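Summary of structural features
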Amino acid sequence: MIDKDSIAPTGTPERTLLDGLDLERLPRHVAVIMDGNGRWARRRRLPRVEGHRAGIDAVRATVETAARLHLQALTLYAFSTENWKRPALEVAALMSLLKEYLRRELRSLVKNDIRFRVVGRLEGLDPSVQRTLRHGLAATAECKGLLFNIALNYSGRAEIADAARALAAEVAAGKRTPEEVTEEALAARLYTAGTPDPDLLIRTSGEMRISNFLLWQIAYAEIHVTPVFWPDFRCRHFLEALADFQRRERRYGGVGEELSAGPADGAPQVLISR
Ligand code: FPP
C-alpha cells in the first residue's frame, strides 16, 4: 500500500498531483538524466562543483519518492565515460560527492529496503570510489524494495558492444549458435539484466538529448523533459513527470485499439492508457 501522506501532506500542490495519478499505472522503472548542475551554479555565481553538491539533495528527494511510490527501479545517470573530459578537479569533486552520499545515506537505504547497484564500468573508477561502492553493494544486497541504479563510468554504446562481444565469444567457443544471438540473449548481458526496461526517461534542464544513456533499454520509454535544473528537482517535478507519463498513449508500434490485447512480445508489460 502506498502511504500518500509520507509522499505529500494533504493540502499541498504535491498532494493534488499525487491524487491525480492512477497508482495502478505507475512506471515500473524510471531513468533520469540529471542535467543543469553547472548552469544552476553559474546563475548563483558559484563554482560548478556547488551545483553538483546541491544536486545531492535532488538525488535524495528522488530516491525517497521512488521508494515511497513502490517503483521497481530508478536509474540515475551520474557520470558518463565522456565526463572524464571535464577538468580533473571537477571529476575529483564528483567522485568525492558520490562517496560522501553513500557514506551518509547507506544506513537510510538499508532501512528503507533499497538495493543499490552500479550500472557501468566500476573497475575503471578510482580504487577508493570502488571500495565505497562495493561496500554499498554488499550492504544492500539483500534489500527487496526499490532497485536504485547509479550509472557511473557509463556508456550505452560500450554496454551494447560489451554484450555483443560476450555473445561473440560464446559463439566462437561453440556454446551458442549464431541463431541463438537474439534480442533476449543480448539484453541478458547488459548491466541492467533482469530489470524491466525504463518506461519513463526524465531529463532535466530542457536539453533534448539522450547522451548515450541506456540506448538499448529506452527503446519504448516515454520521454519527459523538464526545464528545471537538476539541483531544483524535487518530489513535485517527479510527480509532474509521472502525470505527463500517464497522459501518453503507449502503442509499442501498434495502434491504440490493439493495446487491449496486451503489449507486443518483448515490449514492457505495463501501462495501457485508458
Ligand atoms: C550534469 O550537470 C550532472 C552531472 C554530470 C553529475 C550529476 C551528479 C550528481 C548530482 C552528484 C552525485 C550523484 C549521485 C547519484 C550521488 P552538468 O554539470 O552537465 O550541468 P550543465 O549542463 O549545466 O553544465
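Cut-off values and rules
Residues numbered from 1 in each chain as written. Predicted model: local features only at pLDDT ≥ 70, side-chain atom pairs only at ≥ 80, totals over all residues. Near = placed C-beta within 6 Å. Helix = DSSP H or I, 4+ residues; strand = E, 2+ residues; numbered from the N terminus. Nonpolar A, V, L, I, M, F, W, Y, C, P; charged D, E, K, R; others polar. Buried ≥ 20, exposed ≤ 12 C-beta atoms within 10 Å, placed from the backbone. Expected span 1.5 Å × (residues − 1). Contact = placed C-beta atoms within 7 Å. Bend = angle between axes of the 7 residues up to and from the residue. Core = buried A, V, L, I, M, F, W, Y, C linked by C-beta atoms within 7 Å. Axes fitted to C-alpha atoms, helices over the stretch in contact; angles between N-to-C directions. Parallel < 35°, antiparallel > 145°, perpendicular 65-115°, else oblique. Left-handed = near helix turned anticlockwise from the far one by under 90°.

1. What to know about the site of the ligand
The immediate surroundings of the ligand are formed by 19 residues, with Asn37, Gly38, Arg39, Gly55 and Tyr101 found nearest. At the level of secondary structure, the elements contributing two or more residues to the shell around the ligand comprise α3 (37–43), α4 (48–68), β2 (73–80) and α5 (88–111). Tallied by class, the residues present in the shell around the ligand amount to 10 nonpolar, 7 polar and 2 charged.

2. Some remarks on the environment of Gly253
If you trace the backbone, Gly253 turns up in the segment after α9 (235–247). By C-beta crowding, Gly253 is classed as exposed, having 10 other C-beta atoms within 10 Å. A sequence separation of 79 residues divides Gly253 from Gly174, and the C-alpha atoms of the two residues are 35 Å apart.

3. As for unusual backbone geometry
Even without a glycine there, the phi angle at His70 is positive, about 60 degrees. Relative to the helices and strands, His70 is located in the loop between α4 and β2.

4. As for α9
Three or four residues apart is the spacing at which side chains of an α-helix point the same way, because the helix has 3.6 residues per turn. Look at α9: 19 Å from first C-alpha to last across 13 residues, which is about the 18 Å you get at 1.5 Å a residue. Restricting attention to buried positions, one finds in α9 the residues His237, Phe238, Leu239, Ala241, Leu242 and Phe245. Packing partners of the buried residues in α9 comprise α2 (13–19), α4, β5 (200–203) and β6 (222–225).

5. As for α5
Here α5 is 24 residues long and its end C-alpha atoms lie 35 Å apart, about the 34 Å a rise of 1.5 Å per residue gives. The sharpest bend along α5 reaches about 50 degrees and sits at Glu105. Where α5 is buried, its residues contact α4, β2, β3 (115–119) and α6 (127–140). Immediately downstream of α5, the backbone of Asp113 shows phi near 65 degrees, a positive value.

6. Quick notes on the nonpolar core
Of all hydrophobic cores here, the largest spans 59 residues; its most connected members are Leu74, Leu76, Tyr77 and Ala151. Filtering out sequence-adjacent residues up to four positions away, Ala151 remains in contact with Thr75, Leu76, Tyr77, Ala78, Val119, Gly120 and Phe213.

7. Digging into the packing of α5 against α6
Contact geometry of α5 with α6 gives a least axis separation of 10 Å together with a crossing angle of 15 degrees. Of the possible angle classes, the one that applies to α5 and α6 is roughly parallel. Crossing geometry of α5 relative to α6 is assigned as left-handed. Counting all contacts with α5, which are made through Met95, Leu98, Lys99, Leu102, Arg103, Leu106, Leu109 and Val110, the residues of α6 involved are Val129, Thr132, Gly136, Ala139 and Thr140. Here the contact of α5 with α6 is built from residues that sort into 8 nonpolar, 3 polar and 2 charged.

Distances and angles like these do not, on their own, reveal function.
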